[in-house]
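# Observations on chain architecture
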Amino acid sequence: MTRRSCAIYATGIVCAHLLIVGIALVVAQVFQTLIHNRLKKEITLTEKSQMFESWKNPPPPVYMEYYFFNVTNPEVVSAGGRPSVQQIGPYTYREYRPRVNVSFLENGTKVYALNPKTFVFLREKSVGDPQVDMLRTVNIPFVVVMNELNSYSFFLRSFISMYIKSLGVKLFTTRTVHEYLWGFKDPILTKIHSMKPDVDEYFGLMWKKNGTHEGEFVFNTGEQDYMDYGKIDTWNGLREMTFWSSNQSNMINGTDGAVFHPLINRNELLYIFAADLCRSIHLAYVKDVEVKGIQAYRFAPPEDVLMSPVDNPANEGFCVPAGRCLGTGVLKVSVCRQGAPIVVSFPHFYQADPKYINAIEGLNPNKEEHETYLDLQPTTGVPIRACKRAQLNIILKRVTGFPDTKFLNETIFPIMYVNETATVDDDSASQMRTLLLIVTVVSNFPLLIVGMGLILLLVLVVLFCRNRQKKVSPPYKPRLSFN
């Protein structure tokens, strides 16, 4: 056997082996399975996990932008006219949210943690100085007191109304942004505090929320099942709430929004428990996006999350008392706000019934500025970019015995909305790109084997053709010349 024939046979054998092994690995998805199993094992909240430290001390900076609705025509509103508001903001704060008092439970399958949040004002990212800028809006303590007295006799309400008026308290109040956000000594609450010391004499939308947490959480580490990674096991010792009127509505589903299980697919619904809303919400896939060179899936709350029970019967459990429901796009959370007539929605009543939008002049809901969304890297389940937007409203209505409300039309009145954003930092993004490159190369290694087999097959064909050509070519005969 000639050296050329040996080369052809050797190439053929190697080519066949590469193609057979490569195709078998592709069909069996051996390397993908290995990678997926590795991810399921590594992405947990155990101390040895690489994800634990970033979960405990999140590296991406979180920004809280507060926007307020300044009332421009309070006299018209009191006379029964249409309210007109002007948006002011943002007033931006850097949010720090480390997890503290972390301890593992039940052989490392669960982890307990508190998540205090601290806010630091950022002047360079704000429209003005909150300690100087003035805001005119609804006097929430006054409205809450009226709401509490609604079940009392007309004569008692009238007496209290006269007393409140003697304090100089009106339906609308003007304060600095800082006061309304972080707290001020309210005259009504001060009087109530003198009779009931457990009632705080200060009021602010974020009063006592700087440096405090939203409750005690116990999370699943994902050690037993990767699908449970980061899911809430209990909140303040509860596995389900008692605020709402159905078992389904009272369920505590999903994570707190900081982490999600790996290997996310486009067809699944993701659940987040929002402690400030006292309920769980779900997010659905919207589209593929790219953030800092990282491919991600965008998930957002679909319209049915805050849809009226008429159109989505699953939301009937959020009507308290049962049967007393608001329309699409709003959620009354009085049950977990000590009875205050508080309503939450998306900013500018985005995705809400047009009647709420048309009732207020100066609103302009749009997807780009007012949608809540979450961009997740699907392989690892890590949030790459997040944007949580929520609006705080209060119900204004007539209360007999209080002349200031005599001509009021019942309205869900916008007070302010928050835009909470976070984007992966550059260092974490670089590490993520490297990790995904390794995962891609390893997962596609069988295809590389098949590719090498195809190249050798091409070489084999070339060698075979050249060898055959040499065999059929006639031997060279030198021409003899006789001169």
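Bear in mind that the values here come from a model prediction, so they are computed numbers and not experimental data.

Time to look at the overall build of the protein. Helix and strand counts for the protein stand at 12 helices and 19 strands. The buried share among the 483 residues of the protein stands at 47%. Nonlocal contacts in the protein, meaning residues at least 24 apart in sequence, comprise 64% of its contacts between residues at least 6 apart. Summed over all atoms, the accessible surface of the protein reaches about 25600 Å², with 56% contributed by carbon and sulfur.

This paragraph deals with the sheet that holds strand β4 (residues 110–114). In space, the 4 strands of this open sheet follow the order β3-β4-β10-β11, with antiparallel pairing throughout. Edge strands, defined here as strands with exactly one partner in the open sheet, are β3 (100–105) and β11 (232–235). Geometrically, the sheet is characterised by an average inter-axis angle of 20° between neighbouring strands, direction not taken into account. Bridge analysis of β3 against β4 gives 4 bridges, and the strand direction is antiparallel. Across the sheet, residue V100 finds its bridge partner in β4, namely L114.

Another point: the side chain of H348. In this structure, H348 sits in the loop between β16 (342–345) and α9 (354–358). Residue H348 is classed as buried on the basis of its relative accessible area, which comes to 5%. Once you skip the residues sitting within four places of it in the chain, H348 turns out to touch F69, Q87, I357, G362, L363, N364, P365, H370, Q391 and Y417.

A few words now on the state of the cysteines. Under the counting rule described, the total for this entry stands at 2 disulfides. What pairs with C278 in a disulfide is C336, and their sulfur atoms sit 2.2 Å apart. The disulfide joining C278 to C336 has a torsion of about 105° about its S-S bond and is therefore right-handed. Remark: C336 occurs in the loop between β15 (330–332) and β16 and C278 occurs in the loop between β12 (270–274) and β13 (279–291); sequence separation between them is 58 residues.

So, on to the pairing of strand β18 (residues 382–396). Pairing analysis gives 4 bridges linking β16 to β18, with the strands arranged antiparallel. Bridged to V343 within β18 is N393. Taken together, strand β17 (residues 373–377) and the strand that follows it, β18, pair antiparallel across an intervening segment of 4 residues, in which G381 is found at a positive phi of about 75°. Sheet analysis places β18 next to strand β19 (residues 411–423), joined by 12 bridges and oriented antiparallel. Each bridged residue has a counterpart across the sheet, and for L392 the counterpart in β19 is M416.

Turning our attention to the nonpolar core. In summary, soluble globular proteins display a tendency toward joint burial of nonpolar side chains. Of all hydrophobic cores here, the largest spans 108 residues; its most connected members are Y66, F68, L205 and F413. F68 has contacts with Q86, Q87, I88, Y91, L135, V177, L181, L205, I415 and M416, leaving out every residue within four places of it along the chain.

In the predicted model, the protein carries a mean pLDDT of 88, and the fraction of residues at 70 or more is 86%. Element-level mean pLDDT values for the protein span from 63 in helix α2 (residues 30–42) up to 98 in strand β1 (residues 62–71).

By the definition in use, this model includes 24 aromatic pairs. Judged by centre distance (5.5 Å) and plane angle (40°), the ring pair of F52 and F104 falls under tilted. Placement of F52 in helix α3 (residues 50–56) and of F104 in strand β3 is noted, with a sequence separation of 52 residues between them. On the basis of relative accessibility, which here comes to 28%, the residue F104 falls in the partly exposed class. Aromatic rings pair up to connect F52, W55, F104, F217 and F219 into one cluster. Here the basic side chain of R279 rests over the ring of F318, its NZ or CZ set 3.9 Å away from the ring centre. The side chain of R298 reaches across the aromatic face of Y373, ending 3.8 Å from its centre.

Basis of the calculations
Residues numbered from 1 in each chain as written. Predicted model: local features only at pLDDT ≥ 70, side-chain atom pairs only at ≥ 80, totals over all residues. Heavy atoms only, no water. Helix = DSSP H or I, 4+ residues; strand = E, 2+ residues; numbered from the N terminus. Buried < 20%, exposed > 50% of the residue type's maximum accessible area, 1.4 Å probe, protein only. Contact = heavy atoms within 4.5 Å. Areas by Shrake-Rupley, 256 points an atom, 1.4 Å probe, with all protein chains shown as cover. Pairing = 2+ DSSP bridges. Axes fitted to C-alpha atoms, helices over the stretch in contact; angles between N-to-C directions. Disulfide = S-S within 2.5 Å. Core = buried A, V, L, I, M, F, W, Y, C linked by side-chain atoms within 4.5 Å. pLDDT = per-residue confidence, 0-100. Phe/Tyr/Trp six-rings, centres within 6.5 Å; stacked < 30°, edge-to-face > 60°. Lys NZ or Arg CZ within 6 Å of the ring centre and 35° of its normal.

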